[in-house]
Amino acid sequence: MKPLYFAPVQGHTDAAYRHFHSQTYGGDQTYYTPFIRLERNEIRPRDLRDINSELNTGLHLVPQVIFRDAKELNSLVEILKGNGAKEIDLNMGCPFPLQTGHGRGAATILNEELAKEVVKTVRENPDIKFSAKMRLGMQEPDEWQKLLPYLNDISLRHITLHPRVAKQQYGGEVNLEQFSKFLEESGNPVVYNGDIRTPDDLRMIEEKYPSISGIMVARGILARPSLFAEYLENREWNKEERLDKMLKFHNLLFSHYSDILCGDAQIISKIQPFWEYAEDEIGRKAWKALKKASNIAKYQTAVASI
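Residues numbered from 1 in each chain as written. Predicted model: local features only at pLDDT ≥ 70, side-chain atom pairs only at ≥ 80, totals over all residues. Heavy atoms only, no water.

**Re the overall build of the protein chain**
Then comes step 1: A count of helical and extended segments in the protein chain gives 15 helices and 11 strands.
Then comes step 2: Relative to its length of 306 residues, the protein chain is compact, with a C-alpha radius of gyration of 19 Å against a globular reference of 19 Å.
Then comes step 3: Counting all 306 residues of the protein chain, 54% fall into the buried class.
Then comes step 4: Long-range pairs, those at least 24 residues apart, make up 73% of the contacts in the protein chain with a sequence separation of at least 6.
Then comes step 5: In the form shown here, the protein chain has an accessible surface area of approximately 14000 Å², with 47% of it arising from carbon and sulfur atoms. (Helix = DSSP H or I, 4+ residues; strand = E, 2+ residues; numbered from the N terminus. Rg over C-alpha atoms; globule rule 2.2 N^0.38 Å. Buried < 20%, exposed > 50% of the residue type's maximum accessible area, 1.4 Å probe, protein only. Contact = heavy atoms within 4.5 Å. Areas by Shrake-Rupley, 256 points an atom, 1.4 Å probe, with all protein chains shown as cover.)

Take a look at the structure:
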């Protein structure tokens, strides 16, 4: 079985989510922090709290950074090294215009000067194990060919490739033909990411690409938190078993947020994203009730209806 990587999702996979997911489902998957960026030349305090949280104890956690130039990249690397990081993931694939419009994420694929700086930074920090996450391109599915020669010039732990272009975001078909070409031409290990929703999807990718170095999942495991556990057990859990575990996971997280946050509004806003991708798993009626819940009493009634 291939190594498994739990991709970060802003607003979802914080330290508490990672901790209680691991506690509920086990496994030795690698977790990534939601991307860390500079704000007024500093990392936000909440991001530092997330990477330094005691809830990360026992997890294989890799901080992920997003950057638009060498100055931002090197500042982020130095700050994370100062906080004990031994591994850093370079986000060169975020498709959202709020980031690409500022030259970050997938926009870095077309920035050859920045690619040279990435090579320099990796070489100047041999004590850090770097990995990268990227897309096929911004607009065209062969734009990765401009960046790959630079990445082939350095040793990375792996490159995770989501075989879509940024303009697709998460819609349309994944381009497996381009993924195959990338896999063939990469001088670094390659991890597959994109449209993994079931244990069968994991097995299909593993069989189709036996030379990949792992599989990364984000939205698929938010929708079905048992996904990796089912794959590792080599069996598909029935719906009742999946929901029982999912509710146990939710209840641990809900209890944690209830202890550290104050008032219905804060708790509801923090816990509601847990269900964002779970409509197919829990049913539309319960899903809509959870989204509409405006206080704890209504929220708990909605949870009880699952």
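**Quick word on the packing of helix α11 (residues 239-260) against helix α15 (residues 296-304)**
Then comes step 1: Between α11 and α15, whose axes approach to 12 Å, the crossing angle comes to 165°. Overall, the two elements α11 and α15 adopt an arrangement that is roughly antiparallel. Along this stretch, α11 crosses α15, giving a crossing that reads as left-handed. Residues Leu247, His250 and Phe254 of α11 touch α15, and the partners they reach there are Ile296, Tyr299, Gln300 and Val303. (Axes fitted to C-alpha atoms, helices over the stretch in contact; angles between N-to-C directions. Parallel < 35°, antiparallel > 145°, perpendicular 65-115°, else oblique. Left-handed = near helix turned anticlockwise from the far one by under 90°.)

**Looking at the pattern of salt bridges**
Then comes step 1: A full pass over the atoms with the stated rule returns 22 salt bridges.
Then comes step 2: Ionic pairing is found between glutamate 78 and lysine 81, a salt bridge with its closest N-O pair at 3.9 Å. With glutamate 78 and lysine 81 both in helix α3 (residues 70-82), this residue pair falls 3 residues apart, about one helical turn.
Then comes step 3: Residue lysine 81 is classed as partly exposed on the basis of its relative accessible area of 27%.
Then comes step 4: With a shortest N-O distance of 2.8 Å, aspartate 195 and arginine 164 are connected by a salt bridge. You can see aspartate 195 sitting in the loop between β10 (190-193) and α8 (199-208) and its partner arginine 164 sitting in strand β9 (residues 159-165), a full 31 residues away along the chain.
Then comes step 5: Given the relative accessible area of 22%, aspartate 195 is considered partly exposed.
Then comes step 6: What makes arginine 164 buried here is its relative accessible area of 1%. (Salt bridge = Lys/Arg side-chain N within 4 Å of Asp/Glu carboxyl O.)

**Considerations on the layout of surface pockets**
Then comes step 1: A volume near 950 Å³ is recorded for the largest pocket.
Then comes step 2: Those elements that provide at least two residues to the lining of the largest pocket are α4 (97-100), β8 (129-137), β11 (214-217), α9 (219-223) and α13 (279-282).
Then comes step 3: Here the residues of the lining of the largest pocket sort into 18 nonpolar, 10 polar and 12 charged.
Then comes step 4: When its volume is computed, the second largest pocket comes out at roughly 690 Å³.
Then comes step 5: Lining the second largest pocket are 29 residues; nearest its centre among them are Asp14, Ala15, Arg46, Asp50 and Lys270.
Then comes step 6: Split into classes, the residues belonging to the lining of the second largest pocket amount to 13 nonpolar, 9 polar and 7 charged. (1 Å grid on protein atoms, 1.4 Å probe; cavity = no way out; pocket = protein on both sides within 12 Å on 5 of 7 lines; lining within 4 Å. Points joined across faces, edges and corners; volume = space filled by probe spheres on them. Nonpolar A, V, L, I, M, F, W, Y, C, P; charged D, E, K, R; others polar.)

**Observations concerning the pairing of β9**
Look at any regular strand and the pattern is simple: side chains alternate between the two faces of the sheet.
Then comes step 1: Judged by how many residues are buried, β9 sits mostly within the fold: 7 of 7 residues are covered.
Then comes step 2: What you see with β9 is no split at all: Ile159, Leu161, Pro163 and Val165 on one side and Thr160, His162 and Arg164 on the other are buried throughout.
Then comes step 3: Where β8 meets β9, 5 bridges bridge the pair, whose relative direction is parallel. What sits directly across from arginine 135, in β9, is histidine 162.
Then comes step 4: Taken together, β8, helix α6 (residues 144-151) and β9 constitute a β-α-β crossover, and its handedness is right-handed.
Then comes step 5: Inspection of the sheet shows β9 paired to β10 by 3 bridges, in the parallel sense. Note that in β10 the partner of threonine 160 across the bridge is valine 191.
Then comes step 6: For the crossover from β9 across helix α7 (residues 176-185) to β10, the handedness is right-handed. (Pairing = 2+ DSSP bridges. Right-handed = clockwise from strand over helix to strand, strands pointing away.)

**Looking at the nonpolar core**
Then comes step 1: Judged by nonpolar contacts, the single largest core of 100 residues is most densely connected at Leu90 and Trp275.
Then comes step 2: Here this core takes 7 residues from α11, the largest share from any one element.
Then comes step 3: When residues no more than four places from it in sequence are discounted, the contact partners of leucine 90 are Val65, Phe67, Leu73, Val118, Phe130, Ser131, Ala132 and Lys133. (Core = buried A, V, L, I, M, F, W, Y, C linked by side-chain atoms within 4.5 Å.)

**Notes on the environment of valine 9**
Then comes step 1: Tracing the chain through its elements places valine 9 in the loop between β1 (4-6) and α1 (15-25).
Then comes step 2: Separated by 26 residues in the primary sequence, valine 9 and phenylalanine 35 place their C-alpha atoms 8.3 Å from one another.
Then comes step 3: Not counting residues up to four positions away in its chain, the partners in contact with valine 9 are Pro34, Ala218 and Leu222.

**Quick word on helix α12 (residues 264-271)**
Then comes step 1: Turning to α12, its buried residues number three or more, namely Ile267, Ile268 and Ile271. Down the axis of α12, the buried set is contained in an arc of 95°. They therefore lie on one face.
Then comes step 2: Contact partners of the buried residues in α12: α11 and α15. (Arc of directions from axis to C-beta.)

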